[in-house]
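Summary of the model geometry
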Amino acid sequence: MSDKTDVKKFQVPQEEIEKQKEFTALANSVLTAKYPDRTPLAMVHTYGCQGNVSDGERIKGMLEKCGYGFTDDVNEADLVLYNTCAIREHAEDRIYGNVGALKNIKKEKPDMIIALCGCMMQQEKVSEKIKKSYPYVNLVFGTHVIHKLPELLYNVLSKSKRVFSSPESDGVIAENVPVRRDGNIKGWLPIMYGCNNFCSYCIVPYVRGRERSREPEDIIKEAKELIAAGCKDITLLGQNVNSYGKTLDRDINFAKLLKMINDLPGDFIIRFMTSHPKDCTEELLDTMAQCEKVARHFHLPFQSGNNRVLKEMNRGYTKEKYLSLVEYARKVMPDISLTSDIIVGFPGETYEEFKDTLDLVEKAKFTSLYTFIFSSRDGTKAAKMPDPVSREEKGKWFKELCDLQESIAGKRTALMKGKSYRVLCEGYAKEGIYNGRTGGNVMIEFPDTDGGKSIGKFCTVKVTEPLTWIVRGELEE
Ligand code: 5AD
Ligand code: SF4
């Protein structure tokens, strides 16, 4: 595929979005007739990453326009929608368990609609399994047709038929889909979708389609809407934000986009995820350093510290290249907080090789880590590789890694004692105790001494008690 010649191929035509508005009105009238005395309620539950959370906000936006209100109580719900994740087997097992648990509720409430969407449902094998073994599920749709939810829902409501729609596709970009945000202090802003990297363990490129970037104007428009609505913490989302712009036929890359958003008026902080080391440039790190609104936090997954394993993973960089990026990032931003993802027990990995991961963790001094034991995903290259090390053995390595990171994190947070940080107060951790995050993404809790006035505002908090993963502090004047 020549990336640049296909710029428009991903865009859903606006006529299609208009057509969905008509289905929204139709679904709305069916629902009004069905529930003349009350607002029907939807329970939408999203699993997995922030990309899914952002999809969930669009799903809720469409459902709201169709006439639904929202509830967290499954017993109250007229529609239950699970927005699923396929990244590891454990995630899928949980979802099967939760869908199984709906069977009895549906027996009591046969009118309740059960809908499943997201990455798991983009896999044909899964959708077939739901069709056969979970006959009480009404609607299944994949990641490429989310914008068609009004039409799919209308078909379920009006024809009383089960609807399955997970077409194979390179993916789409659907602009101007309604969105109902989960809160107004923090906002998710997708800048691109899909992934072309095909890391050998990863299911994402198969269920999310090819990499495709939104036009910068669409992103800026949404950023302005978020800021106008009071959003103070914007997270730019993509599987590999460092390759932003590659599918656009114009002079733009992630560093330039970051600068454009940084230049928007308003008091807000910009975060982004996820970055891929192979596409991380010094230009990006320099830009981060120059942009005063960009958080001093960099999530840069390295997955393994061993060069043979990295090659087998198809990651496209070495341990040395990764450490040189860390060094450069610290040179231009001495206060940068680094976090990362690691996979333990990739097929064929030996303990000697795993020790290179420990060594990298020791050297890079991360603030926190997201650590995973390898999970075999059907259809990926790694799923076919011999995997001789037992789960039990991998569990021991995993614990060794967690113990090491715990001691590093403890030492890092200890250094925060007595220092003051600019923190966005996000709400309450518990009664009377605010919570927020430092720019470096460390959770911070501090007593409410101003009767709730700080919520949604930036405040200065002095760290009094560093714990390992969070710190406690107090509000300063
Ligand atoms: N097994 C274990 N962890 C995985 N990840 C992705 N695929 C797998 C898998 N098959 C992890 C990677 C990625 C994070 C989102 O999930 O570390 O960065
Ligand atoms: Fe998966 Fe690699 Fe793409 Fe991340 S970059 S989504 S790990 S294939």
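Residues numbered from 1 in each chain as written. Chains lettered and ligands numbered in written order. Predicted model: local features only at pLDDT ≥ 70, side-chain atom pairs only at ≥ 80, totals over all residues. Heavy atoms only, no water.

Let us look at the overall build of the protein. Counting secondary structure elements, the protein contains 13 helices and 19 strands. Here the protein has a C-alpha radius of gyration of 23 Å; the compact-globule value for 477 residues is 23 Å, and the two agree. Counting only C-alpha atoms and orienting by the principal axes, one finds that the protein spans roughly 60 × 60 × 50 Å. Counting contacts in the protein only where the partners sit at least 6 residues apart, residues at least 24 apart contribute 75% of the total. With the model as given, the accessible surface of the protein reaches about 21000 Å², and the carbon-plus-sulfur share is 51%. Averaged over its 70 positive side-chain charges, the protein has a centre that lies 1 Å from the centre of its 69 negative ones. (Helix = DSSP H or I, 4+ residues; strand = E, 2+ residues; numbered from the N terminus. Rg over C-alpha atoms; globule rule 2.2 N^0.38 Å. Contact = heavy atoms within 4.5 Å. Areas by Shrake-Rupley, 256 points an atom, 1.4 Å probe, with all protein chains shown as cover. Lys, Arg positive; Asp, Glu negative; His and termini not counted. Charge placed at Lys NZ, Arg CZ, Asp CG, Glu CD.)

Turning to the pattern of salt bridges, a few remarks are in order. On inspection of all chains with the given rule, the structure shows 36 salt bridges. The salt bridge partner of K430 is E445, with a shortest N-O separation of 3.8 Å. A residue pair is termed long-range when its members are at least 10 positions apart, and K430 in strand β15 (residues 420–430) and E445 in strand β17 (residues 443–447) qualify at 15 residues. Accessibility expressed as a relative area gives 16% for E445, which makes it buried. In this structure, the salt-bridge partner of E465 is R472, at a minimum N-O distance of 3.3 Å. For E465, a relative accessible area of 36% gives the class partly exposed. In the salt-bridge network here, residues are joined through shared partners; they are E57, R58, E175, R181, R214 and E222. (Salt bridge = Lys/Arg side-chain N within 4 Å of Asp/Glu carboxyl O. Buried < 20%, exposed > 50% of the residue type's maximum accessible area, 1.4 Å probe, protein only.)

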